[in-house]
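This is what each chain is made of:
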Amino acid sequence: ERPLNEVISPIIQILWMIGGVIFIALVMSLLFGFLVERQVVKPIEVLGNKALQIGAGSFNQRVEMNRNDELGQLAEAFNLMGEQLKSSFDRLSLENVERKRAESKMRDSEENFRLISETSLDTIYRLDREGNIVFINDAGAQMYGYALEEITNMAFSVLMSKKQLPEGQRIEIG
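Residues numbered from 1 in each chain as written. Predicted model: local features only at pLDDT ≥ 70, side-chain atom pairs only at ≥ 80, totals over all residues. Heavy atoms only, no water.

(A) Inspection of the nonpolar core at higher detail. Core analysis: the biggest nonpolar cluster contains nine residues, these being Ile 133, Ile 136, Ala 141, Tyr 144, Ile 151, Met 154, Phe 156, Leu 159 and Met 160. Where this core is concerned, the elements lending two or more residues are β2 (133-136), α3 (138-144) and α5 (156-161). It is α5 that provides the largest number of residues to this core, a total of three residues. Counting residues in hydrophobic clusters, the runner-up holds eight residues, among them Leu 47, Ile 54, Val 63 and Ala 75. (Core = buried A, V, L, I, M, F, W, Y, C linked by side-chain atoms within 4.5 Å. Buried < 20%, exposed > 50% of the residue type's maximum accessible area, 1.4 Å probe, protein only. Helix = DSSP H or I, 4+ residues; strand = E, 2+ residues; numbered from the N terminus.)

What follows is the structure in structure tokens.
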């Protein structure tokens, strides 16, 4: 029989070796985790934060990533997308201003026409391509003896055949 110390000593050495390997593996995995976090997770967090800022309307956001890998390509695509969004937003804003200006002019023009047609003592009318009355003012309807609802969509030729035209006067439709 061997003394207990001789039997336990190699087992203790093996346990120390296993503990050392586990410690080295733990340190290496912590270093690897730190590198992954620094090289992958942080850049993705930066992109996510910039995306939230663009989503909130701050279109001048840029991601500065001097990398030649997929994250660098993603950052370049992100910056291009931001520039295109800003350009589109600026164009749409300008178009919206122009549209509002045109709508305002149209309302003013419609109001002017309405005032003129309502206050004019002369007949003001508009025909469609088939010669039907699509608009006539009150003075015109009264002159021909019709209510507005009756005369609207009536053929102009029917209306004129009921009214005696002076000799030599001709009505052209078209």
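Moving on from the coordinates now.
(B) Summary view of helix α2 (residues 70-119). For α2, which comprises 50 residues, the first-to-last C-alpha distance of 72 Å matches the rise-based estimate of 74 Å (1.5 Å per residue) to within 8%. Residues Leu 71, Gly 72, Ala 75, Phe 78, Asn 79, Gly 82 and Ser 117 constitute the buried set of α2. Next to the buried residues of α2 lie α1 (4-55) and β2. (Expected span 1.5 Å × (residues − 1). Contact = heavy atoms within 4.5 Å.)

(C) Spatial organisation of the packing of aromatic side chains. Applying the stated criterion to the full structure yields three aromatic pairs. Between the aromatic rings of Phe 59 and Phe 89, the centroid separation amounts to 5.0 Å while the plane-to-plane angle is 40°, which identifies the pairing as tilted. On the criterion of sequence distance, the pair formed by Phe 59 in the loop between α1 and α2 and Phe 89 in helix α2 is long-range, its members being 30 residues apart. Judged by its relative accessible area of 44%, Phe 89 falls in the partly exposed class. Judged by centre distance (4.9 Å) and plane angle (20°), the ring pair of Tyr 125 and Phe 156 falls under stacked. Of this pair, Tyr 125 sits in strand β1 (residues 125-127) while Phe 156 sits in helix α5, and the two are 31 residues apart along the sequence. The exposure class of Tyr 125 is partly exposed, given its relative accessible area of 39%. (Phe/Tyr/Trp six-rings, centres within 6.5 Å; stacked < 30°, edge-to-face > 60°.)

Remember that the coordinates give geometry; whether it matters functionally is a separate question.
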